[in-house]
Amino acid sequence: MRAYKSKVVTPIRLPDREERETNLDRAGYNVFNLDSSDVFVDLLTDSGTGTMSDAQWAALMRGDEAYAGSESFDRLKSAVSDVMGFERVIPAHQGRGAENVLYGALVEDGDYVPNNTHFDTTRAHIANAGAEPVDCPLDGALAGDRDFAGNLDVAKVRDLADEVGAEKIPAVLVTITNNSLAGQPVSVENVREARAVADELDAVLVIDACRFAENAHFVREREAEFEGASVAEVAREQLSYADAIVMSGKKDGLVNIGGFVGLREDADALYERAHERAILFEGFTTYGGMAGRDVAAMAVGLREAVEDSYIRDRVEQVRRLGDLLADRDVPVHRPTGGHAVYVDAAAFLPEIPRAEFPGQALVCELYRGGGVRAVELGSFAFPDSNRPELVRLALPRRTYGADHLEHVAETFESVAERRDAGEISGLEITKEPEMAELRHFSAELRPMNE
Ligand code: F0G
C-alpha cells in the first residue's frame, strides 16, 4: 500500500491506435524518438523520472544558490553522512559526472577494474581513463532464482589479479543493485568478501550506490543476519565496507537530477585529485553542476529513500508488476529486482530471430498496443555481445498506480494476441550512428514485412 497521496498531478493521454502507429513510424521504430506527451505509461527508465515529496519541494524554495559555501551543500553533507556514512562529499550533476570525477582520479592507463557488472556509463568512464573494465558476475547468475544474483564473483577478481598483477588493479567495484543483471541485489556478506579482496590487492573498494536503498530492502528480506533490521541500518552497514561511493541521485536520491562522490575523512590524496577534477568538469565543489535547490532536494530525498514505508511500497510495486506479467505467461525474470521488470523477449517472440531484434520488436509492440514505453537491452542496444534479449520495464518512483500496472499487463495480452495471429514482424536498421555502442539512442528501423 502506498504510504502517500498525490497533491500535484500530470495529465497523461493515450493516443488512439492510429496515432500510435503514425508516431511509431515517425520515430523510426525507436521509442527514444517519441515525444513523452505521446506516451501513456513511461517505463523507459527509473532515472530522474520519479515524483518528489512536498518536503523536497519545500526544500527547493530554500535552496542556497551561492557559488561557494552554500547552505544546501551542508544539508547534503549531513544527509550523506547520516544515511550513508561518508564524511566527504563531492557533488556532480548526475551519476556519470561522479564517475568521471572519481574514476579519472583513481584509474590509470593499462589498469584493470573488476565490477560485478559494469553499467554502460561506468564501463565507458573506466575505458575513457585508459583502463579495462572487467565484468565478474556469478556464473549463470540469472539461471536459478538466487537470493543475491547480483553478487560479485570474488574468485574471478582473484583470478584477474593472478593474471595481470595486483598492482594493475587500483579499484574493485560493486554495483548495488546490479542494473545490468536484471536489477538483482548484492548481499552484505558479498560486500565483506569484496572488502577482503580489495585489501589483499591493496585496492580501493568503490560501491556504485545509486540503488542502495532498494538493495538494503532485499538484504533485510533475504539475509538471515539482517532479519528485523531497518533499511537505514542495513544501508549503513553495507556501505561501511567501502572506501568510496559513486551516486546517481536520480535513483535512490529521489530527485530528477544530481549525484555525488562520497569519500572517507582520511582519503586525503584521492580527495585532492577528485576535488580538482570536479572543479574542472562539474563546477565548484559545493554545487557540482547542480542548482543549490537541487542539492537541497537531494539531501531530503536521501533521507526519505531509507524510510521503511517508502521502500517497502517501492519494491512491492515492482514485484506486483512482475507477478501480473507472469500470471499472463510473459517470461519475466523472477524474483524481480528493485527498480524494473525484465522480460525475455526471445522467449516471448520466439519466431523473431536475433538478427531481427526481438527485443526492439516487443518494445515497439508495447507502444503500438497500449502507449507503453519500455527499453530494449539486448542485441539492438549491445551489438556484438551475447547478452540475452531483454526488455526492461523500469518503474519511476512514487509515480504510477496499480491501474497503470494493470494497463501494462493488458497491453502484453494484446501483444500476445497479435503474436499468436502471426502479425508481429522483426525489424531491420535503416539508419545507424557512427558509434555502434550508442545506436539504441538514435538508430532508426523499419518492420521487415513492410
Ligand atoms: N550507475 C548505474 C548502476 C546506473 O544505473 C546509472 C544510470 C548510472 C551509474 C549513471 O547515472 O544516469 O545519473 O548519469 N542508469 C540509468 C538507467 C540511466 O536507465 O538505468 P546517471
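Because the structure is a prediction, the values reported are computed rather than measured.

1. Quick word on the overall build of the protein chain
Turning to step 1, where the next piece is worked out: Looking only at helices and strands, one finds 16 helices and 14 strands in the protein chain.
Turning to step 2, where the next piece is worked out: Its C-alpha radius of gyration of 22 Å places the protein chain within 12% of the 22 Å reference for a compact globule of 450 residues.
Turning to step 3, where the next piece is worked out: In terms of principal-axis extent, the alpha carbons of the protein chain reach across some 65 × 55 × 45 Å.
Turning to step 4, where the next piece is worked out: Counting over 450 residues, the protein chain shows a buried share of 59%.
Turning to step 5, where the next piece is worked out: Partitioning the intrachain contacts of the protein chain with sequence separation of at least 6 by distance along the chain shows that 72% fall at a separation of at least 24.
Turning to step 6, where the next piece is worked out: About 18300 Å² of surface is accessible on the protein chain, with carbon and sulfur atoms providing 48% of the total.
Turning to step 7, where the next piece is worked out: Each charge sign in the protein chain was given a centre, from 48 positive and 81 negative side chains, and these centres are 4 Å apart.

2. Topic: the nonpolar core
Turning to step 1, where the next piece is worked out: Met 84 and Phe 212 are the most contacted members of the largest nonpolar core, which totals 62 residues.
Turning to step 2, where the next piece is worked out: Both domain 1 (17–39 + 308–447) and domain 2 (54–305) contribute no fewer than three residues apiece to this core.
Turning to step 3, where the next piece is worked out: With residues up to four places along the chain from it excluded, the contact list for Met 84 reads Ala 79, Ala 209, Phe 212, Leu 239, Ile 245, Met 247, Phe 260 and Leu 302.
Turning to step 4, where the next piece is worked out: Val 343, Phe 357, Ala 374 and Phe 380 belong to the second largest nonpolar core, which has 56 residues in total.

3. Regarding the domain arrangement of the protein chain
Turning to step 1, where the next piece is worked out: When cut into domains, the protein chain gives domain 1 (17–39 + 308–447) and domain 2 (54–305).
Turning to step 2, where the next piece is worked out: Relative placement of domain 1 and domain 2: their C-alpha centres are 28 Å apart.
Turning to step 3, where the next piece is worked out: Taking both partners together, domain 1 and domain 2 bury about 2000 Å²; carbon and sulfur atoms supply 49% of that area.
Turning to step 4, where the next piece is worked out: For domain 1, the biggest contributors to the area lost against domain 2 are Ile 311, His 333 and Arg 397; these three give 26% of the whole.
Turning to step 5, where the next piece is worked out: Joining domain 1 to domain 2, the criterion identifies 6 salt bridges.
Turning to step 6, where the next piece is worked out: For the salt bridge of Asp 252 with Arg 397, the shortest nitrogen-to-oxygen distance reads 3.2 Å.
Turning to step 7, where the next piece is worked out: Inspection of the domain 1/domain 2 interface yields 14 residue pairs in polar contact (both at pLDDT 80 or more).
Turning to step 8, where the next piece is worked out: Sorting elements by how many residues they give to the side of domain 1 that touches domain 2 places helix α12 (residues 308–327) first, with 8 residues.
Turning to step 9, where the next piece is worked out: Residues of the side of domain 1 that touches domain 2, tallied by class, amount to 6 nonpolar, 5 polar and 10 charged.

4. With respect to the pairing of strand β5 (residues 171–175)
Turning to step 1, where the next piece is worked out: Burial runs high along β5: 5 of the 5 residues are buried.
Turning to step 2, where the next piece is worked out: Residue alternation in β5 divides its side chains into two sets, Ala 171, Leu 173 and Thr 175 and Val 172 and Val 174, and both sets are buried.
Turning to step 3, where the next piece is worked out: Across 5 bridges, β5 lies against strand β6 (residues 204–208) in parallel orientation. From the neighbouring strand, Thr 175 faces β6, where its bridge partner is Asp 208.

5. Comments concerning the site of the ligand
Turning to step 1, where the next piece is worked out: The immediate surroundings of the ligand are formed by 17 residues, with Thr 45, Arg 96, Asp 208, Ser 248 and Lys 251 found nearest.
Turning to step 2, where the next piece is worked out: Between the ligand and Gln 94, the relevant distance is 2.8 Å, taken from an oxygen atom to a side-chain nitrogen or oxygen of the residue.
Turning to step 3, where the next piece is worked out: Between the ligand and Asp 208, the relevant distance is 2.6 Å, taken from a nitrogen atom to a side-chain nitrogen or oxygen of the residue.
Turning to step 4, where the next piece is worked out: Relative to its unbound accessible area of 470 Å², the ligand is 93% covered by the protein chains.
Turning to step 5, where the next piece is worked out: A total of 3 residues in the shell around the ligand trace back to one element, the largest contributor, which is helix α4 (residues 95–106).
Turning to step 6, where the next piece is worked out: Its residues assigned to classes, the shell around the ligand shows 2 nonpolar, 8 polar and 7 charged.

6. A word on the pairing of β6
Turning to step 1, where the next piece is worked out: With 5 of 5 residues buried, β6 lies mostly within the body of the structure.
Turning to step 2, where the next piece is worked out: Residues Val 204, Val 206 and Asp 208 line one face of β6 and the alternating positions Leu 205 and Ile 207 line the opposite face, and both faces are buried.
Turning to step 3, where the next piece is worked out: In this fold, the crossover linking β5 to β6 by way of helix α7 (residues 188–201) has right-handed handedness.
Turning to step 4, where the next piece is worked out: Inspection of the sheet shows β6 paired to strand β7 (residues 244–248) by 3 bridges, in the parallel sense.

7. A few points about the pattern of salt bridges
Turning to step 1, where the next piece is worked out: A complete count under the given rule lists 39 salt bridges for this structure.
Turning to step 2, where the next piece is worked out: With its nearest N and O atoms 3.1 Å apart, the salt bridge here joins Arg 446 to Glu 428. In this pair, Arg 446 sits in strand β14 (residues 444–447) while Glu 428 sits in strand β13 (residues 427–431), placing the two residues 18 residues apart along the sequence.
Turning to step 3, where the next piece is worked out: On the basis of relative accessible area, Arg 446 is assigned to the partly exposed category, the value being 39%.
Turning to step 4, where the next piece is worked out: When its relative accessible area of 29% is taken as the criterion, Glu 428 is described as partly exposed.
Turning to step 5, where the next piece is worked out: The salt bridge partner of Lys 431 is Glu 444, with a shortest N-O separation of 3.5 Å. Highlighted residues: Lys 431 in strand β13 and Glu 444 in strand β14, separated in sequence by 13 residues.
Turning to step 6, where the next piece is worked out: Given the relative accessible area of 26%, Glu 444 is considered partly exposed.

Rules of the game
Residues numbered from 1 in each chain as written. Predicted model: local features only at pLDDT ≥ 70, side-chain atom pairs only at ≥ 80, totals over all residues. Heavy atoms only, no water. Helix = DSSP H or I, 4+ residues; strand = E, 2+ residues; numbered from the N terminus. Rg over C-alpha atoms; globule rule 2.2 N^0.38 Å. Buried < 20%, exposed > 50% of the residue type's maximum accessible area, 1.4 Å probe, protein only. Contact = heavy atoms within 4.5 Å. Areas by Shrake-Rupley, 256 points an atom, 1.4 Å probe, with all protein chains shown as cover. Lys, Arg positive; Asp, Glu negative; His and termini not counted. Charge placed at Lys NZ, Arg CZ, Asp CG, Glu CD. Core = buried A, V, L, I, M, F, W, Y, C linked by side-chain atoms within 4.5 Å. Domains from an automatic or database assignment. Buried area = accessible area lost by both parts, 1.4 Å probe. Salt bridge = Lys/Arg side-chain N within 4 Å of Asp/Glu carboxyl O. Polar contact = N/O pair within 3.5 Å; in protein donor to acceptor, adjacent residues only side chain to side chain. Nonpolar A, V, L, I, M, F, W, Y, C, P; charged D, E, K, R; others polar. Pairing = 2+ DSSP bridges. Near = heavy atom within 4 Å. Right-handed = clockwise from strand over helix to strand, strands pointing away.

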